[in-house]
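As a plain string of letters, each chain reads:
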Amino acid sequence: MKRKAIIGTLISIVFLYLALRKVDYGELWTVLSNARWVWIIPNAILVVGVMWLRAWRWQMILRPIGKVPYSRVYASTMIGFMVNNVLPARLGEIARAVSLGLKTGLSRSATLATIIVERIYDSFTLLLFLWLVFAFSRIAELTEVGRIEYLGWVFLAVNVALLGILIILQVRNEAAVRWVRGFSRRFSPRIQALAGEITEKFARGLTMHHNWPTTAGVALSSLIIWSILGISNYFIFMALGFDHRLPIEASFVVLVVVSLMISIPSTAGFVGVFHWAVQISLQIYGLGKSEAVAVAIILHAAQYIPITLIGLYYLRKEHLTLSKVGGGGDSDGGTPVAASPIA
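Residues numbered from 1 in each chain as written. Predicted model: local features only at pLDDT ≥ 70, side-chain atom pairs only at ≥ 80, totals over all residues. Heavy atoms only, no water.

Chemist: Explain the nonpolar core to me, using residue names and the numbers behind them.
Modeler: Residues Phe237, Leu240, Val278, Leu282 and Val295 are the most contacted members of the largest nonpolar core, which totals 44 residues. For this core, the secondary-structure elements that each account for two or more residues are helix 1 (2–20), helix 2 (25–33), helix 10 (212–239), helix 11 (248–261), helix 12 (273–283) and helix 13 (289–317). In terms of residue count, helix 13 provides more of this core than any other element does, 8 residues in total. Residues in contact with Val278, not counting those within four places in the same chain, are Val254, Val258, Ala292, Val295, Ala296 and Leu299. With 42 residues, the next largest nonpolar core counts Ile79, Val256, Leu260 and Ile307 among its residues. (Core = buried A, V, L, I, M, F, W, Y, C linked by side-chain atoms within 4.5 Å. Buried < 20%, exposed > 50% of the residue type's maximum accessible area, 1.4 Å probe, protein only. Helix = DSSP H or I, 4+ residues; strand = E, 2+ residues; numbered from the N terminus. Contact = heavy atoms within 4.5 Å.)

Chemist: Run through the side chain of Arg57, naming residues and quoting values.
Modeler: By secondary structure assignment, the location of Arg57 is in helix 3 (residues 40–62). Take Arg57: its relative accessible area is 0%, and that puts it in the buried class. There is a polar contact of 2.6 Å between the side chain of Arg57 and the side chain of Asp122. Residues contacting Arg57, with those up to four places away along its chain left out, are Glu118, Asp122, Val218, Ser221, Ser222 and Ile225. (Polar contact = N/O pair within 3.5 Å; in protein donor to acceptor, adjacent residues only side chain to side chain.)

Chemist: Break down the environment of Tyr285 for me, with residues and values.
Modeler: Residue placement: Tyr285 occurs in the loop between helix 12 and helix 13. Note on Tyr285: relative accessible area 16%, which makes it buried. Residues Tyr285 and Ala250 lie 35 residues apart in sequence; the distance between their C-alpha atoms is 7.6 Å. Within the structure, the side chain of Tyr285 is placed 2.9 Å from the side chain of Glu249, a separation counted as a polar contact.

Chemist: I'd love a proper account of the pattern of salt bridges, names of residues and values included.
Modeler: Throughout the structure, instances matching the rule amount to 12 salt bridges. One salt bridge in this structure joins Arg96 and Glu93, with 3.8 Å as the shortest N-O distance. With Arg96 and Glu93 both in helix 5 (residues 92–104) and 3 residues apart, this pair spans about one turn of that helix. Each member of the pair, Arg96 together with Glu93, is buried. With a shortest N-O distance of 2.9 Å, Arg245 and Glu291 are connected by a salt bridge. Here Glu291 lies in helix 13 and Arg245 lies in the loop between helix 10 and helix 11, a separation of 46 residues in the sequence. What makes Arg245 partly exposed here is its relative accessible area of 42%. (Salt bridge = Lys/Arg side-chain N within 4 Å of Asp/Glu carboxyl O.)

Okay, here's the thing in C-alpha cells:
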C-alpha cells in the first residue's frame, strides 16, 4: 500500500507540474478575484444532491444480497467518497464495502462486487456522453481531441474486458471457485479456503443482472446522475464568467476526461490529475491555460470540500475511524454492530 501511495504521489506531482507549467499567476489571480461566487452554490447543491441518487442506485444493486436501509447505504456512500478525498490509492471503494459490512454484517466481498458493477455502469455512461460529443460536435475535427478519443477507446476496452470477466464469474461460478482454489493450493489451506469463499461471495454480489427491472433502473439512474454532474460543471463556468465562451457540451467533456483520468493512480483527492484533465479539456475550446487552471481549482474545491465534510460527519456518527474503513478490516464477513439510525 505504501508503494501505491508513493507512485500515486509521484504521478500527481507530474500532472500538477504539467497543469501549472507556463501559467500566468497574475492572470490566474485576476480570474479568481473576479469570480461570482454565488454561482458555486447551485454547483455544490447538485454535487451533494447527486450523492442521494448514488446511494439509491447502490441500494438497488445491493438488493440481491441483502435489504439495507437507505440511511445506512447513504452513510457508507458518503464515507467512501470522503476516503477517496483524504487517502490515496482509491481506498474509498474498499471503505464503502467495509463500513457497510461493519454495520450490517453483509459480506464485504459481495458488497465490493456491487461497487464494481456500479463503476461499470458509470464507465459506460461516461463513454456514451463522450461518443455523443464526438458525433454531434465540431471539436471532433480538431487534432487535439485525438488523445481524448484514444483514451476513450482504451477505457472502453478495459471495461468490456472487465464486464466479460464478471459475467464469466457469475455464470460459471463453480468453475471459477474451483480454479481459484486450485491456483491457491500452493499456499496454506487457510488461504485456499478463504480465496474460494471470497470468490463465491464476490459472485453473489453480481446477481443483479438476473433482474431486468433493476438493471434498467440502475442504467437510467446512471444517466440521470452523470447528466446532473455535467450540468453542475456549467455553474463553475458561470462563476468565472466563461459561460459566454464555453458551450454546455464543454461541461460534459470536462466530466468525461476528468473521470477517465482519475482512474489512474494518484494522491488523495486526485490532485494534479484532476487539474490537468480540466485544463486540457477547456483548452480545446480556446480557453487560456491560466483561465482553465482557475476553473480546475474552483471545480475541484467545490466538489472536494462539501463531500469531505459530510463524509467525515458520517464517519464520526457511525463511530468509525479512517484506519478501520480504509484498511479493509480483519476479515471478509462483518459482524453486525448496533448503531443509531441516521436521520
